[in-house]
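Residue-level structure breakdown
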Amino acid sequence: MASADLHQEIFKEIEAAGGALPFRRFMELALYHPESGYYASGRARIGREGDFFTSVSVGRIYGRLLASICREAWERLDRPTSFTIVEQGANDGSMAADLLGALKEWGEKEQDDSFSRALSYLIVEPFEINQGRQQEKLQAFPEVLWVASLEELPEFTGIHLSNELLDAFPVDSLRWNGRTWEEEYVVNTAGTLAWINRPVTDPDLAEAARLLPGNLPEGFRVEVNPGMQPWLETLHRKLHRGLILTVDYGQAGDDRYAPHRSDGTLLAYQNHERFNDPLPKPGQRDITAQVDFTTLGRLAKEVGFEILGYSDQHHFLVGAAEPWMRSLGDLTRQSSAVIQQDLRALQTLLHPGTMGMQFKAIALGKGFPSAPPLSCFKHQRPGIAALAS
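Not measured: the values here are computed from a predicted model.

Calculation rules
- Residues numbered from 1 in each chain as written.
- Predicted model: local features only at pLDDT ≥ 70, side-chain atom pairs only at ≥ 80, totals over all residues.
- Heavy atoms only, no water.
- Phe/Tyr/Trp six-rings, centres within 6.5 Å; stacked < 30°, edge-to-face > 60°.
- Helix = DSSP H or I, 4+ residues; strand = E, 2+ residues; numbered from the N terminus.
- Buried < 20%, exposed > 50% of the residue type's maximum accessible area, 1.4 Å probe, protein only.
- Lys NZ or Arg CZ within 6 Å of the ring centre and 35° of its normal.
- 1 Å grid on protein atoms, 1.4 Å probe; cavity = no way out; pocket = protein on both sides within 12 Å on 5 of 7 lines; lining within 4 Å.
- Points joined across faces, edges and corners; volume = space filled by probe spheres on them.
- Nonpolar A, V, L, I, M, F, W, Y, C, P; charged D, E, K, R; others polar.
- Salt bridge = Lys/Arg side-chain N within 4 Å of Asp/Glu carboxyl O.
- Pairing = 2+ DSSP bridges.
- Polar contact = N/O pair within 3.5 Å; in protein donor to acceptor, adjacent residues only side chain to side chain.
- Contact = heavy atoms within 4.5 Å.

The subject of this paragraph is the packing of aromatic side chains. According to the stated counting rule, one finds 12 aromatic pairs in the structure shown. With a centroid separation of 5.8 Å and 40 degrees between ring planes, the pair formed by Phe23 and Phe26 is classed as tilted. Taken together, the positions of Phe23 and Phe26, both in helix H2 (residues 23-32) and three residues apart, correspond to about one turn of that helix. In this pair, the class of Phe23 matches that of Phe26, namely buried. When the centroid spacing of 4.9 Å and the interplanar angle of 50 degrees are considered together, the rings of Trp74 and Phe115 count as tilted. Taken together, the residues span a long stretch of sequence, with Trp74 in helix H4 (residues 61-76) and Phe115 in helix H6 (residues 114-118) at a distance of 41 residues. Summarising the burial analysis for this pair, Trp74 and Phe115 share the class buried. Members of the aromatic cluster, joined through ring pairs, are Tyr32, Tyr38, Tyr39 and Phe127. Sitting over the ring of Tyr185, Arg198 keeps its end group 5.6 Å from the ring centre. Here Arg285 stacks its cationic end above the ring of Phe275, 3.5 Å away from the centre of that ring.

A word on empty space enclosed by the protein. If you walk through the whole model with that rule in mind, you get three cavities of 30 Å³ or more. Lining the largest cavity, in full, are Arg71, Leu103, Trp106, Gly107, Glu110, Asp112, Asp113, Phe115 and Ser116. Mapped onto the lining of the largest cavity, the elements with two or more residues apiece are helix H5 (94-109) and H6. In terms of residues, the lining of the largest cavity owes the most to one element, H5, which gives three residues. Taken together, the residues of the lining of the largest cavity sort by class into three nonpolar, two polar and four charged.

As a further point, take unusual backbone geometry. Keep in mind that most residues, glycine aside, have a negative phi and that most peptide bonds are trans. Cis geometry is adopted by the peptide bond preceding Pro372, which originates at Ala371 and carries an omega value of -5 degrees. Note on placement: Pro372 falls in the segment after strand E16 (359-366). Residues Arg381 and Pro382 are joined by a peptide bond in cis, for which omega reads 5 degrees. With respect to the helices, strands and loops of the structure, Pro382 is situated in the segment after E16.

The next subject is the pattern of salt bridges. Scanning the model with the defined rule gives 18 salt bridges in all. Between Asp263 and Arg175 there is a salt bridge whose closest N-O contact spans 2.7 Å. With Asp263 in the loop between strand E10 (239-251) and strand E11 (267-270) and Arg175 in strand E6 (residues 172-176), this pair connects stretches of sequence that are 88 residues apart. Residue classification places Asp263 among the partly exposed residues on the basis of a relative accessible area of 40%. Look at Arg175 and you get buried, because its relative accessible area is 15%. Bridged by salt links that share partners, the residues Arg175, Glu184, Arg221 and Asp263 form one connected network.

Counting buried residues in strand E2 (residues 83-88) gives six out of six residues, a clear majority hidden from the surface. The sheet contact formed by E2 and strand E3 (residues 119-124) spans six bridges and is parallel. Across the sheet, the residue bridging to Thr84 is Ser120, located in E3. Direction of pairing for E2 relative to strand E5 (residues 156-163): parallel, over a ladder of five bridges.

With that out of the way, let us pick up the side chain of Asn225. Mapped onto the secondary structure, Asn225 falls in the loop between strand E9 (221-224) and helix H9 (228-238). With relative accessibility at 16%, the residue Asn225 sits in the buried group. Of the polar contacts made by the side chain of Asn225, one reaches the backbone nitrogen of Gly227; its length is 3.2 Å. Excluding its chain neighbours within four sequence positions, the residues that come into contact with Asn225 are Leu166, Phe169, Pro170 and Val171.

Bear in mind that shape data such as this cannot, by itself, settle questions of function.
Next comes the structure, spelled out in structure tokens:
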């Protein structure tokens, strides 16, 4: 299905819905329509030749640091004989390749291969085109297996990893009219997709709106991510012991309602260009909404997780990188070019003006020791207290 056909599909749904489609449904179609959604069609590309950069696309160092976190998590769980790394939102498989490559390299240097024997790697990937790309990228790692959904995951002990996953969950969009919150809908105006506000009628969305501030300027937009709760519930059910580690861009506490966020956080990306209106060119552009980490933390605790750490990416990676940094003096001169490349990539990931502060990491534990903190949260800022409402 071409982009023009997706437009027509959306117009048909608008008509069938009585002339106005909830934005969440529009976002779902634009990203996940089975034939021409941005992600489902395989159109999503990261890196210099794609539509946006991620921490993974900056260089291999990100995956290598995650590898050290996985190894530490295994040790903190008393080195179980079965330890599963689950990755969701794997895109083309680059993070898995970097992570597993580091573990393989370290295993070849060690006499004790207990971790390698305990390890299995599962990728949750619902789209065949993406799974094909991942399989091609990961041919050197036959231990990798795939499932199409979280529901297909077996119960596991280990760690669930995701990077920029939650920001792509379809969201509801709300606007404050000065008296109450209204839901934003998408309409067909003479063949052009446009916005309209309507009263909130869905009970769950009404409850979410009830928890929002009522003292914001008229016209203030807030996104609500209803997919987070079932995601957390399923993971809590599947995880026997271990942790959930997710990294994404977003805010917590009062920062969610800062004046410069008055138009919300919805954005679209194409060819590294940012668009404030997510409606044009559905299926051709990525659409994102920043993560509300306060709500994520509250929901996580409600389903039974313990919050183990919350940090901006700068302090998260500083802690994770300390063992690697200490080992640099032991590396041979032949590795100097690769090491310099890794250092430059790490500098980009840590930069406070870009990725270092925009991205946040949160760890949720189940049957996982909370003290001492994992190395990656040793210097955490702003810390768990910042998640308070």
